[in-house]
Every structure is written in C-alpha cells, then in structure tokens.
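# What the coordinates show
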Amino acid sequence: QVQLVESGGGLVQAGGSLRLSCSASGRTFTIYAMGWFRQAPGKEREFVAAISWSGGRTYYADSVKGRFTISRDNAENTVYLQMNSLKPEDTAVYYCAATQRVIARTRGSLYDYWGQGTQVTVSS
C-alpha cells in the first residue's frame, strides 16, 4: 500500500504563485507515476499534471501548460507542483495521486492511490 500526503495549499491573489508538495510512503517502489488532479465546487475532477517516477516524462493539461511545472525528488519520494500566474479558475481542491500502471497518463480512473487533498484558493 501507498500513502500520500499533500501540503502547500492556501489563499493567493491572482497572478501569484504556490508550490504544492506530495510525500509518498509505504510501498513506494511499486509507483510508476505520480500526478496532480483538482476538483472545483460543482465540477468534476480534472487532470492537471503527471510525471513518471523513473524517466521524468511529464504531461500537462492544456489549461495549465506554461504556468505549472511538475517535478519529483526520487530520494525523498516527493512530487511537487509549482503553480505560477495563478488565476481564479485555478481555485480547487488539489489531489496528489500515484499509479502502478504505465498506461495511466492523464486518466484519473487508472490511478491507484490518492491523497486527502489540499485547498487552493485564488482571489480575483
């Protein structure tokens, strides 16, 4: 089993930045990739970014490309999401996820483990 804990959320003005962290513990050697998803009030969960653990291959949603950067620290079993030029529409609960499946990519339904979520609120 894998446990994921997110941190770094908060309240920020439009145009500002936040850096989210997700620490993995347990059977982390089974993880192939980790990603970030978000869910705004009244909306479905959507993909944000993902990174493969070994190769560092990255994927981004079109809505955040050029503004957000995902990275990982293998030694610390931690993945980060640097969020710049934040917009009010970025407001959501952000969830860290991990998958054992090479084909998961941007598909949340194929991820195996999820964190508790961290709130990001961007004021206009």
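Just above sits the structure.
Just so it is clear, the model here is predicted, and its values are computed rather than measured. (Residues numbered from 1 in each chain as written. Predicted model: local features only at pLDDT ≥ 70, side-chain atom pairs only at ≥ 80, totals over all residues. Heavy atoms only, no water.)

### Brief notes about the side chain of Arg67
The topology assignment puts Arg67 in the loop between strand 6 (58-60) and strand 7 (68-73). A relative accessible area of 11% places Arg67 in the buried class. If sequence neighbours within four positions are ignored, Arg67 has contacts with Gln82, Met83, Asn84, Ser85, Leu86, Lys87 and Asp90. (Helix = DSSP H or I, 4+ residues; strand = E, 2+ residues; numbered from the N terminus. Buried < 20%, exposed > 50% of the residue type's maximum accessible area, 1.4 Å probe, protein only. Contact = heavy atoms within 4.5 Å.)

### What to know about the side chain of Arg38
Among the secondary structure elements, Arg38 is positioned in strand 4 (residues 33-39). Side-chain polar atoms of Arg38 contact the side chain of Glu46, separated by 2.7 Å. Ignoring anything within four residues of it in the chain, the contact list for Arg38 reads Glu44, Arg45, Glu46, Val48, Ser63, Val64, Phe68, Glu89, Asp90, Ala92, Val93 and Tyr94. (Polar contact = N/O pair within 3.5 Å; in protein donor to acceptor, adjacent residues only side chain to side chain.)

### So, a positive patch on the surface
A surface patch of like charges, here positive, comprises Arg57, Arg101, Arg105 and Arg107. If you trace the backbone, Arg101 turns up in the loop between strand 9 (92-99) and strand 10 (113-114). (Patch = residues over 30% accessible without salt bridge, like charges linked within 9 Å, V, L, I, M, F, W, Y side chains within 5 Å. Areas by Shrake-Rupley, 256 points an atom, 1.4 Å probe, with all protein chains shown as cover. Salt bridge = Lys/Arg side-chain N within 4 Å of Asp/Glu carboxyl O. Lys, Arg positive; Asp, Glu negative; His and termini not counted. Charge placed at Lys NZ, Arg CZ, Asp CG, Glu CD.)

### Section: the state of the cysteines
Tallied over the full model, the rule gives one disulfide. Each sulfur in the disulfide pair Cys22 and Cys96 lies 2.0 Å from the other. On the sign convention where negative means left-handed, the S-S torsion of about -80° between Cys22 and Cys96 marks this disulfide as left-handed. With a gap of 74 residues between them, Cys22 in strand 3 (residues 18-26) and Cys96 in strand 9 connect regions that are remote in the sequence. Residue Cys22 shares its accessibility class with Cys96, and that shared class is buried. (Disulfide = S-S within 2.5 Å.)

### A word on the packing of aromatic side chains
If you walk through the whole model with that rule in mind, you get four aromatic pairs. Judged by centre distance (5.1 Å) and plane angle (80°), the rings of Phe37 and Tyr111 are edge-to-face. You can see Phe37 sitting in strand 4 and its partner Tyr111 sitting in the loop between strand 9 and strand 10, a full 74 residues away along the chain. Here the two residues Phe37 and Tyr111 agree in accessibility, since each one is buried. Taking 5.0 Å as the distance between ring centres and 55° as the angle between the ring planes, the aromatic pair formed by Phe37 and Trp114 counts as tilted. Remark: Trp114 occurs in strand 10 and Phe37 occurs in strand 4; sequence separation between them is 77 residues. Residue classification places Trp114 among the partly exposed residues on the basis of a relative accessible area of 28%. Cluster of aromatic residues (ring-pair linked, three or more members): Phe37, Phe47, Tyr111 and Trp114. Lying over the aromatic face of Phe37, Arg45 brings its terminal NZ or CZ to 5.7 Å of the ring centre. (Phe/Tyr/Trp six-rings, centres within 6.5 Å; stacked < 30°, edge-to-face > 60°. Lys NZ or Arg CZ within 6 Å of the ring centre and 35° of its normal.)

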